[in-house]
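Structure assessment
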Amino acid sequence: MQSVNIAVFASGSGSNFENLARYFSHSEKGRVVLLVCNKPDAYALERACNLGIDSAVVTKAELQQPEKVMPLLRRYGVGFVVLAGFLPLIPDYMIDAFPQRMVNIHPSLLPKYGGKGMWGHHVHEAVKAAGETETGMTVHWVTPQCDGGDIIAQRRVALSPEDTVDDIAQKEHVLEMEHFPKIIEELLDGLG
Ligand code: GAR
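In what follows, the accompanying structure is described. (Residues numbered from 1 in each chain as written. Predicted model: local features only at pLDDT ≥ 70, side-chain atom pairs only at ≥ 80, totals over all residues. Heavy atoms only, no water.)

1. With respect to the site of the ligand
- Taken together, the neighbourhood of the ligand is formed by Ser13, Gly14, Ser15, Asn16, Gly85, Ile105, His106, Pro107, Met118, Trp119, Gly120 and Glu176.
- One of the side-chain N or O atoms of Ser15 is found 2.6 Å from an oxygen atom in the ligand.
- Between the ligand and Met118 there is a distance of 3.4 Å, counted from a nitrogen atom to a backbone nitrogen or oxygen.
- In the complex, the protein chains occlude 87% of the 450 Å² of accessible area that the ligand would expose alone.
- Elements that contribute at least two residues to the shell around the ligand include exactly α1 (15-24) and β5 (102-106). (Near = heavy atom within 4 Å. Polar contact = N/O pair within 3.5 Å; in protein donor to acceptor, adjacent residues only side chain to side chain. Areas by Shrake-Rupley, 256 points an atom, 1.4 Å probe, with all protein chains shown as cover. Helix = DSSP H or I, 4+ residues; strand = E, 2+ residues; numbered from the N terminus.)

2. Considering the nonpolar core
- Core analysis: the biggest nonpolar cluster contains 31 residues, and Val32, Phe80, Val82 and Phe180 have the highest contact counts within it.
- At the level of elements, β1 (4-10), α1, β2 (30-37), α2 (43-51), β4 (78-83), β5, β6 (134-141) and α7 (165-191) are the ones that each hand at least two residues to this core.
- Per-element accounting of this core gives the leading share, six residues, to α7.
- Once residues within four sequence positions are removed from consideration, Val82 is found in contact with Ile6, Ala7, Val8, Phe9, Leu20, Val103, Phe180 and Ile184.
- With 23 residues, the next largest nonpolar core counts Leu34, Val36, Ile95 and Met102 among its residues. (Core = buried A, V, L, I, M, F, W, Y, C linked by side-chain atoms within 4.5 Å. Buried < 20%, exposed > 50% of the residue type's maximum accessible area, 1.4 Å probe, protein only. Contact = heavy atoms within 4.5 Å.)

3. A short note on α7
- Over its 27 residues, α7 runs 38 Å from end to end, which matches the ideal 39 Å to within 8%, given 1.5 Å per residue.
- Maximal helix bending in α7 amounts to about 35 degrees, located at His179; proline Pro181 follows within four positions.
- Within the span of α7, buried status applies to Ile168, Ala169, Glu172, Leu175, Glu176, Phe180, Pro181, Ile183, Ile184, Leu187 and Leu188. (Expected span 1.5 Å × (residues − 1). Bend = angle between axes of the 7 residues up to and from the residue.)

4. Details of the pattern of salt bridges
- As enumerated under the stated definition, the model contains seven salt bridges in all.
- The residue Lys171 makes a salt bridge to Asp163 at a minimum N-O spacing of 2.8 Å.
- Put simply, Glu178 and Lys182 hold a salt bridge, and the shortest N to O gap is 2.6 Å. Note that Glu178 and Lys182 are positioned in helix α7 at a spacing of four residues, about one turn of the helix.
- Taking relative accessible area as the criterion, Glu178 reaches 39% and is therefore assigned partly exposed. (Salt bridge = Lys/Arg side-chain N within 4 Å of Asp/Glu carboxyl O.)

5. Topic: the sheet that holds strand β7 (residues 151-158)
- Taken together, the seven strands give an open sheet; going across it, the order is β3-β2-β1-β4-β5-β6-β7, and neighbouring strands pair in mixed fashion. If you trace the sheet from one side to the other, it starts and ends with β3 (54-57) and β7, each paired once. Going from strand to strand, the sheet's axes swing by 20 degrees on average, the running direction of each strand aside.
- Sheet topology note: the β2/β3 ladder contains four bridges and is parallel. Of the residues in β3, the one forming a bridge with Leu34 is Asp54.
- The sheet strands contacting α2 are β1, β2 and β3, and the helix crosses β2 at an angle near 140 degrees.
- Strands in contact with α7 are β1, β2, β4, β5, β6 and β7; relative to β6, the strand with the most contacts, it is inclined by about 30 degrees. (Pairing = 2+ DSSP bridges. Axes fitted to C-alpha atoms, helices over the stretch in contact; angles between N-to-C directions.)

Geometry only, nothing functional implied.
Given below as structure tokens:
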């Protein structure tokens, strides 16, 4: 099977983007060829620059314009899209263009702590407030519903009552770094 060109969409720090880019630089299954970012000041853009990976800023408004986004993705031969901390909702035309080829990572065990407003620290704060004994990460297909697509994989970690919100975030982040690239690689393997 030919190596698949991956575009990562991110809005903030981009630690997943960097982790994926590094992982796939040693994989035969795929390669991260492009970072798409909706915020011109996101640290993810600096990471792309340091890694020598091309990036593009596509604002939330521009995302709604297929004539802006699709030629960009075509130019890089993108065959798989990864949303990693990308906050705007994905428009229908993109969902139609990447059937079973666009995934999102969410920092909780969906369907718990998903939906509008549930991102980053808000998720971990809610987990702490509820006194959960475990948390985790979810990888799911992207649909028009926020965090609503079918679940592909989940990984979990135990929490203790002493864990602060930062501890919870840290434990969950370790799962993302360890498992997200491998889960995507398996999906690429299954594309055939
Ligand atoms: C990640 O923890 C990801 O799971 C989360 O944002 C973080 C992005 O970090 N995504 C969401 O909350 C989506 N609702 P990163 O920019 O360092 O990869």
